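# Coordinate analysis (summary)
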Amino acid sequence: MADHKKTVLVVGGGVAGISAALDLAAGGHRVHLVERGHDLGGQVARLDKFYPTDHCAFCPLWTEIRRCKEDESITVHTLSRVETLEPREGKHQALVVESAPVVEPSLCINCGRCETACPKGVAKPIWEHAYPPVYLIDRDRCGDCRACADVCPTKAIAFDREQRKIELDVDEVIWAAGFDEVSLAPMKEYGWGTHPDILTSLEFEAWKAEAGENRGKILRRSDRAVPRSIAFIQCAGARDLRLLPHCSAVCCMHALKQAQWVKRRTPEVDCVILYTDLRTVGRDYYEYALRDFNGNGVRLVRGRPSMIYPLPGGGIAVRYEDTPTGKREIRKFDMVVLNGNLQSALPLRPVPGAGPELTGEGFVTAASVSCGFVMEPADVTESAIQASSAALRSILGTKG
Amino acid sequence: MTKIGVFLCNCFGEIGQVIDLESIRKRLESDPAVDFVTVRESLCLPGDAAEAHARIRERGIARVLLGACSPYGRMEIVRLGLAKEGVDVRTVRAVDLREGCAWVHGKDPRGANRKAANQIDMELAFLRNTQDSKDVAIAVRREALVIGAGPSGLSAACGLARMGFPVHLIDRGTAPGGTLNRVTKSYPTEEPGPQKIAALVDETGRNPLIRFYGKTNVASVKGYAGDFKVSLAGPEGNTSLRVGAVVLATGARLLFPQGLYGYGKLKGVITQMEMERQFATGKPACRSAVFIQCAGARNAERPYCSTICCPLSLKNAMRIVDEVPGAKAAILHRDIMTPGSVLEAYYRRALHKGVRFIRFDAERPPEVRGDGQVSAVEVFDAISGKTRTIETDLLVLSTPLVADPESAALARMLEIPVDRHGFIAEVYPVHPVETRNDGVFICGTARWPVSSDQAMAQGEAAAVKAASFLGRQTVSALTMSRVPGTKLGHATANAEACTGCGNCVAVCPYHACRLQRTGQRSVSRVIKVRCKACGSCASVCPNGAMQIPEQNYRVTGEMIRRAFREVR
């Protein structure tokens, strides 16, 4: 058992998948790491900041991504998905489909000539922290003029590359597909989609990012003016039997982090967090919240909004009950950030006929090996622990 | 003399349009240390690394200077390419001519060229003056010590043994199992505690690779990753071991609530563990049970959430409702901490079963009434704004897990830091079971309050991390870096210049510097395996005795001298 080197398919290249892959490789096992996006890192790599350290989220991940690419035991398949997965003689046969990128990352030198040449403005740099930095072409809005391909000095741009289908025989599969935001549009009371200043927390994270388009400035999305007030709404779509019954586990800390960051950048912005239970169970998490309980500037109000709607004269109304006082309040905010609508990615993007068994809430059951948010809502630390544990279970061939 | 090869990248004009690569080439070619200067269109595209490597080999070059882009651009791809060709990337230095010069200073070509020249000169100064650290290889002892045989320690030990590594598993108790042995139902599966770990306990007895030492403590630890010399104090005297890795899984204790909410004064005021005992020996005889959360937690003294107390109360409140006929249960809380899907469903279940939840504010804690025996709890309901009196004959205090002083003592022995609450600190949140001392891993509640399930997952995680280290036959000090092949070097102490002041010992975050007595005086000695080449020691040494040969003071001085020089 101990000397048998395995081949493991890891589905998902975020924190969980990367950590599992590195642990397997360190033990001498072979890994196929399948990531649907352009690059490794998943959701965390796109975060501006990381709690509870308030450090850049990407930096610690950058090393791990680099190690994945460097390690000869790990084959990274980006822009890829598992199409089929069949049991075969105690193993699995997987068919992985690698989409062909229009801009080949191994050739793109990030010079930006395609962006200058594109008449429709659809050639854009990838998000700020992606490694290596490359350009992407939005094929849906592309006019097919190929001006970009003509100016590309390295022939990185080609429109006729074909997708690759790769058959893999693997001993074990680790599900680490992470989470996605689920649309809040059906829940009309949150007003998502009705006004540019009502954002989900991940939208706000990208909007306020220091490396993002506003270079860390806190601005309204509607008119790029500095907001006077921001409401952070917790459990939006979560702990709610109509959409997601689970608690997404990461949102309380995420909102605290964002609100504290807003105060640090622009102290005059009034930040209010409307929460149900302030769940701060990890190391240093409660003390992180205590900064605000002790008057750091962010106001924590226990209450769940009943209605959020744009006001005709500008601003957004939030109607809620302030539970400690029992009063129904209507307050005007300049921005509203909705937090909580995170779901295991597997029910949103299932592997037809090949996915693992899921619970009613869409999480992978103990019948398969999984880690990260697809197993149970988890933050970076929890995901990393689960990933190592999943690596062990794959090495030993035990489930659960 | 060191021969230096220089590759300059034009990046299809991205660099060459601003930076005059030809004049840089001419200038460098007159430098006697430079063997060749090659200007290339690219360095990062397929095939480039092989061509560069061929040139390096053909000229017998020891050190390489790359003038290309930023490490956050494609420089890492260049280095990776060279590494895959077999070039030792520690001999390669890089200058960012694209993002750092041509792009940001594109409107000031003179300035951009001067900055490029300065940076190239600085790196050449580095390559001319740098020296190599002498590497040290140590043989890895292919066995592990696991301290603590609770859920986390058991799963670490069994994980390691199943992967084929011999494990010494010690516990201060007589048998493995830890606190879980005393829990009749564990949350959320409601499996009896001992059953949850039965397979692991069984394996501990059955697997020949695991040796269990009951009633045993660690007397001392010496050494470093790969070769720790451990002395164990057990019932049969001391045992000496040499192990490659140590897993610390000593657990935590529940706070004893003396003086809190009438505990110790009123009958019927008990702790969660006392409630477990009542369930173990029958059923609590009560008409009503009230649970108070955060008893001694999330206050000024212990400003943290202990994670497990909310689910524990949910479990025991549901047991009261289910198993004690006619009895009611109420949980007085500040926030119900049930993150995730499983625990949130557990919370919903308790709500459906009729467990009453009343939220109170920290500033207005519940008050306990009674005379000799608890009779009622008065609580200000923060939601309704009313004061409620709940008659009860049983009050259960949900107290937090607190760090075990023995763990802190072990942490000192193993030279790893504890946090301000006494729990053992990980190296970084992304590496949650690794510590600042390579080869020492942590799991379970010694690290931070967690459920038994989480503790077991951490045990497995620690096993995997320890195994990847133990699986290597030897490790060389220069590979002891998170990113293989990138450790700069390690500090060396010049015994003649050292006056034994101990500054380096005080400042080293990795406990790599030691004072060693030689004859009449003490001199510093560096444990190379532990050194991470951070340079702290060199910066505080008043005598220049502590140096990292790669980045010695001559290197640094020569680089600074060239940093802002006018270049013709």
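Provided above is the structure to which this section pertains.
Residues numbered from 1 in each chain as written. Chains lettered and ligands numbered in written order. Predicted model: local features only at pLDDT ≥ 70, side-chain atom pairs only at ≥ 80, totals over all residues. Heavy atoms only, no water.

## Overview of the overall build of chain A
Selection rule: In this text, helices come from DSSP runs of H or I with a minimum length of four residues, and strands from runs of E with a minimum of two, each type numbered from the N-terminal end. The reference for a compact globule is 2.2 Å times residues^0.38; the radius of gyration itself is calculated from the C-alpha atoms. The buried label goes to any residue with under 20% of its type's maximum accessible area, the exposed label to any with over 50%, and the partly exposed label to all in between, with areas taken from a 1.4 Å probe on protein chains only. Calculation of accessible area relied on Shrake-Rupley with a 1.4 Å probe; when residues are assessed, cover is drawn exclusively from the protein chains displayed.
From N to C terminus, chain A includes 10 helices and 22 strands. On C-alpha atoms alone, chain A measures out to a radius of gyration of 22 Å, which is about the 21 Å that the 2.2 N^0.38 rule sets for 400 residues. The buried share of chain A, taken over its 400 residues, is 61%. Here chain A has roughly 15,400 Å² of accessible surface; of this, 51% comes from carbon and sulfur atoms.

## What about the overall build of chain B?
Using the following cut-off: Pairs of residues are marked as contacts when any of their non-hydrogen atoms sit within 4.5 Å.
The helix and strand inventory of chain B stands at 16 helices and 28 strands. Whereas a compact globule of 568 residues would reach a radius of gyration of roughly 24 Å, chain B reaches 31 Å, over 25% beyond that. C-alpha atoms of chain B, sized along the principal axes, occupy 95 × 60 × 45 Å. Relative to its full complement of 568 residues, chain B shows a buried share of 59%. Restricting to contacts in chain B with at least 6 residues of sequence separation, those with at least 24 account for 69%. With the model as given, the accessible surface of chain B reaches about 23,400 Å², and the carbon-plus-sulfur share is 51%.

## Examining the sheet that holds strand 23 (residues 440–442) of chain B
Residues and elements named next belong to chain B. Definition in use: The pairing criterion is simple: DSSP has to find at least two bridges between the two strands. Throughout, an axis means a line fitted to C-alpha atoms (over the contacting stretch in the case of helices), and angles, computed between N-to-C directions, take values from 0 to 180 degrees.
Pairing is parallel across the open sheet formed by five strands, whose spatial order is 8-7-6-12-23. Sheet topology places strand 8 (210–213) and strand 23 at the edges, where each strand pairs with a single neighbour. The average angle at which neighbouring strand axes cross in this sheet is 20°, direction not considered. Pairing geometry for strand 7 (residues 167–170) and strand 8, over four bridges, is parallel. Counted as the bridge partner of valine 167 is isoleucine 210 from strand 8. Strands in contact with helix 6 (residues 151–162) are strand 6 (144–147), strand 7, strand 8 and strand 12 (245–248); relative to strand 7, the strand with the most contacts, it is inclined by about 165°.

## Description of the sheet that holds strand 6 (residues 80–88) of chain A
Residues and elements named next belong to chain A. Taken in spatial order, the three strands make up an open sheet running 6-7-10, and their pairing is antiparallel. Each of the sheet's edge strands pairs with one partner strand only, and the pair in question is strand 6 and strand 10 (164–170). Averaged over all adjacent pairs, the angle separating strand axes in this sheet is 20°, with direction ignored. The pairing of strand 7 (residues 91–98) with strand 10 spans seven bridges and is classified as antiparallel. Paired with alanine 94 across the strands is leucine 168, a residue of strand 10.

## Structural notes on the pattern of salt bridges
Short version of the rule: Any carboxyl oxygen of Asp or Glu within 4 Å of a side-chain nitrogen of Lys or Arg constitutes a salt bridge here.
In total, this model carries 86 salt bridges over all chains according to the counting rule given. Here glutamate 22 of chain B makes a salt bridge to arginine 25 of chain B, at a shortest N to O gap of 2.6 Å. Remark: arginine 25 of chain B and glutamate 22 of chain B occur in helix 1 (residues 21–29); sequence separation between them is three residues, near one turn of the helix. Given a relative accessible area of 36%, glutamate 22 of chain B falls into the partly exposed group. Overlapping salt bridges, with partners in common, bring together Asp48, Lys49, Glu205, Lys208, Glu210, Lys257 and Arg265 of chain A in one network.

## Observations regarding the interface of chain A and chain B
The following threshold applies: By definition, the buried area sums, over both parts, the 1.4 Å-probe accessible area that each loses when the two are put together. Side-chain atoms alone can form a polar contact between residues adjacent in sequence; in general such a contact is a pair of N or O atoms within 3.5 Å, and within protein one must be able to donate a hydrogen while the other accepts it. Lys, Arg, Asp and Glu make up the charged group, whereas Ala, Val, Leu, Ile, Met, Phe, Trp, Tyr, Cys and Pro make up the nonpolar group; the residues left over, Gly among them, are polar.
With 68 residues of chain A in contact, the opposing surface of chain B contributes 70 residues. Across the chain A to chain B interface the summed buried area is about 5,900 Å²; carbon plus sulfur atoms make up 57%. Interface area lost by chain A to chain B is led by Val281, Arg283 and Tyr286 of chain A, which between them contribute 13%. Scanning the region where chain A abuts chain B turns up 13 salt bridges. A salt bridge links aspartate 284 of chain A to arginine 420 of chain B; its shortest N-O distance comes to 3.6 Å. Applying the counting rule to chain A against chain B returns 35 residue pairs in polar contact (both at pLDDT 80 or more). Residue classes in the side of chain A that touches chain B are distributed as 34 nonpolar, 15 polar and 19 charged.

## Structural notes on the nonpolar core
Inclusion rule: What is meant by a nonpolar core is a set of buried Ala, Val, Leu, Ile, Met, Phe, Trp, Tyr and Cys residues, joined one to another through side-chain atoms within 4.5 Å.
Core analysis: the largest hydrophobic core is formed by 113 residues, its most contacted members being Ile174, Phe204, Ile230, Phe232 and Ile273 of chain A together with Leu160 and Val247 of chain B. When residues of this core are assigned to their parent elements, the largest contribution, 10 residues, is made by helix 13 (residues 452–470) of chain B. Membership of the second largest hydrophobic core comes to 67 residues, among which are Phe36, Cys44, Ala102 and Ala112 of chain B.

## Let's talk about the state of the cysteines
Condition: Throughout, disulfides are identified as pairs of cysteine sulfur atoms within 2.5 Å of each other.
By the definition in use, this model includes zero disulfides over all chains. The thiol sulfur of cysteine 68 of chain A is not disulfide-bonded, and the nearest other cysteine sulfur, from cysteine 371 of chain A, lies at 12 Å. For cysteine 501 of chain B, which is in no disulfide, the shortest distance to another cysteine sulfur is to cysteine 541 of chain B and amounts to 6.1 Å. Its relative accessible area of 43% is what places cysteine 501 of chain B among the partly exposed residues.

## Structural notes on the pairing of strand 14 (residues 229–233) of chain A
Residue and element names in this part refer to chain A. The test is simple: Looking down the strands as they point away from the viewer, one classifies a crossover as right-handed if the path from the first strand across the helix to the second runs clockwise.
Burial runs high along strand 14: five of the five residues are buried. Going residue by residue along strand 14, you find Ser229, Ala231 and Ile233 tucked away on one face and Ile230 and Phe232 tucked away on the opposite face as well. Alignment of strand 14 against strand 15 (residues 270–275), held across five bridges, turns out to be parallel. Residue pairing across strands places isoleucine 230 opposite cysteine 271, the latter belonging to strand 15. Read from strand 14 through helix 7 (residues 251–265) to strand 15, the crossover connection turns out right-handed. Of the pairings in the sheet, the one linking strand 14 to strand 20 (residues 335–338) comprises four bridges and is parallel in character. Across the sheet, the residue bridging to phenylalanine 232 is valine 337, located in strand 20.

## What to know about helix 6 (residues 201–208) of chain A
Counting buried residues in helix 6 of chain A gives six out of eight residues, a clear majority hidden from the surface. Regarding helix 6 of chain A, the residues found buried are Ser201, Leu202, Phe204, Glu205, Trp207 and Lys208 of chain A.

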